[in-house]
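Residues per chain are reported as follows:
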Amino acid sequence: MRSMKSSKKDLLAREIRARCRGELRVDEPLSGHTTFGMGGPADLFFLPANLDDLGRAVPLVRDSGLPVLPLGGGTNMLVREAGFRGLVLCLTSGLTRTRVEADLGQAQAGASLQVFSRRCQRAGRTGMEFGCGIPGTVGGAIRGNAGAWGGETVERLIWLQGIDLRSGEMLRLGQDEVSFGYRHTDLPAGLVVVDAAFHLAEENPEVVKRRMDEMLARRKASQPLWKRNAGCVFKNPPGRSAGLLIDQAGCKRLSAGAVEVSDLHANFMTNTGGGTAEEALALIEQVRERVRRTHGVELETEVRIVGTHGVENP
Ligand code: EPU
């Protein structure tokens with residue numbers, strides 16, 4: 001079994017290198033690609049040079065039968081120490097173009113949401129400022145419907161373009177074809193977002209900037225941004241705040257190994273140095289249990305947990 005998998009992996013690596021431009025890495029540690037700074041290696045890690053190279057790679061990957069994990073900024077992700085036995089598709093070097101035109105802002109999936117948000121502001125457009133403090137890519141923000149301070153990614157969406165990993169076809173979906181909710185988008189399984197357009201409106205850039213500065217200041221004051229973290233660990237239960245519930249349950253500063261519940265914001269966990277995914281997972285369960293006992297509320301993880309075969313809590 002092991003040798004069959006490893007030969008599939010070697011074959012796919014050779015084919016991608018022969019036919020697609022970009023960078024193909026083997027046994028790439030994912031700890032360097034997640035903001036939490038933990039996790040084992042991916043068998044293969046591919047950074048296509050552009051959309052055409054991605055399009056050429058998709059049938060090769062499909063025919064290999066290996067699982068695929070699209071990776072954005074790795075901001076909301078906890079990779080287990082065993083790593084991932086497939087191909088990670090990372091669009092952050094080849095698909096990063098953005099443009100602003102009249103009332104439309106367009107960004108490829110690998111573009112940084114913060115950079116795109118700034119570009120819209122400088123162009124004198126409002127609509128994307130909520131993204132100024134959200135780390136990660138536009139593609140990742142769409143997949144998880146990232147949001148902050150009342151703004152959400154998919155509510156601003158006009159259309160998205162994605163490549164279907166099974167057929168290799170490019171699909172374009174209007175916002176009305178995407179069902180979405182709090183921290184959740186119901187995109188078809190196997191669809192990798194490559195490009196998207198968002199609604200913008202004209203506004204004085206200085207006014208937009210002031211709004212962004214305010215959001216950033218609030219974020220800095222309430223979230224441990226200077227420490228390694230994976231964003232909010234749990235989703236807010238309807239009408240409640242996970243951070244408040246965790247705080248009230250007395251979890252601040254609880255730790256497992258080098259992973260700690262932040263004393264600034266209880267829904268953040270920080271990796272104080274050399275923390276492992278297993279420590280983080282143990283701490284997640286400990287917090288969940290305490291909140292269950294104290295409040296009778298079952299917290300749902302927002303952080304996506306990646307195991308050897310892919311995302312375990314899609
Ligand atoms: N609170 C505490 N103790 C804590 C944390 C929070 O008492 O340790 C209280 C706060 O004082 C406030 C309430 O809980 O009264 C809510 O806290 P906050 O304003 O920080 O908002 P949140 O609901 O915890 C959400 C998002 C964040 C987003 C902020 C700002 C979720 C799970 N979290 O946090 O998103 O940045 O609002 O819009 O939806 C993320 O999703 O990764 C994330 C960081």
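Small disclaimer: the values here were computed from a predicted structure and weren't measured.

Undergrad: Account for the site of the ligand, naming residues and giving values.
TA: Around the ligand, the surrounding shell holds 20 residues, and the nearest of these are Trp149, Tyr182, Asn236, Ala266 and Glu302. A distance of 3.0 Å separates an oxygen atom of the ligand from a polar atom in the side chain of Arg183. At 2.8 Å, a side-chain N or O of Asp247 approaches a nitrogen atom of the ligand. In the complex, the protein chains occlude 73% of the 820 Å² of accessible area that the ligand would expose alone. Here the element with the most residues in the shell around the ligand is helix H6 (residues 242–248); it accounts for three residues. Of the residues contributing to the shell around the ligand, the split by class is eight nonpolar, seven polar and five charged.

Undergrad: Tell me about the nonpolar core, and name the residues and values.
TA: Core analysis: the largest hydrophobic core is formed by 46 residues, its most contacted members being Ile16, Leu87, Ile142 and Leu160. Broken down by secondary-structure element, the contributors of at least two residues to this core are helix H1 (2–19), strand E2 (41–48), helix H2 (51–64), strand E5 (84–90), helix H3 (113–122), helix H4 (138–143), strand E11 (157–164) and strand E15 (191–199). Among the elements that line this core, the one with the most residues is E15, at six residues. Apart from the residues lying within four places of it in its own chain, the contact partners of Leu160 are Ile142, Leu171, Arg172, Leu173, Val178, Leu187, Leu191, Val193, Asp195 and Ala196.

Undergrad: Got a sec to walk through the state of the cysteines? Specific residues and values, please.
TA: Per the counting criterion, the structure on display carries zero disulfides. In this structure Cys232 is a free cysteine whose sulfur lies 15 Å from that of Cys251, the closest cysteine sulfur available.

So, how was this worked out
Residues numbered from 1 in each chain as written. Predicted model: local features only at pLDDT ≥ 70, side-chain atom pairs only at ≥ 80, totals over all residues. Heavy atoms only, no water. Near = heavy atom within 4 Å. Polar contact = N/O pair within 3.5 Å; in protein donor to acceptor, adjacent residues only side chain to side chain. Areas by Shrake-Rupley, 256 points an atom, 1.4 Å probe, with all protein chains shown as cover. Helix = DSSP H or I, 4+ residues; strand = E, 2+ residues; numbered from the N terminus. Nonpolar A, V, L, I, M, F, W, Y, C, P; charged D, E, K, R; others polar. Core = buried A, V, L, I, M, F, W, Y, C linked by side-chain atoms within 4.5 Å. Buried < 20%, exposed > 50% of the residue type's maximum accessible area, 1.4 Å probe, protein only. Contact = heavy atoms within 4.5 Å. Disulfide = S-S within 2.5 Å.

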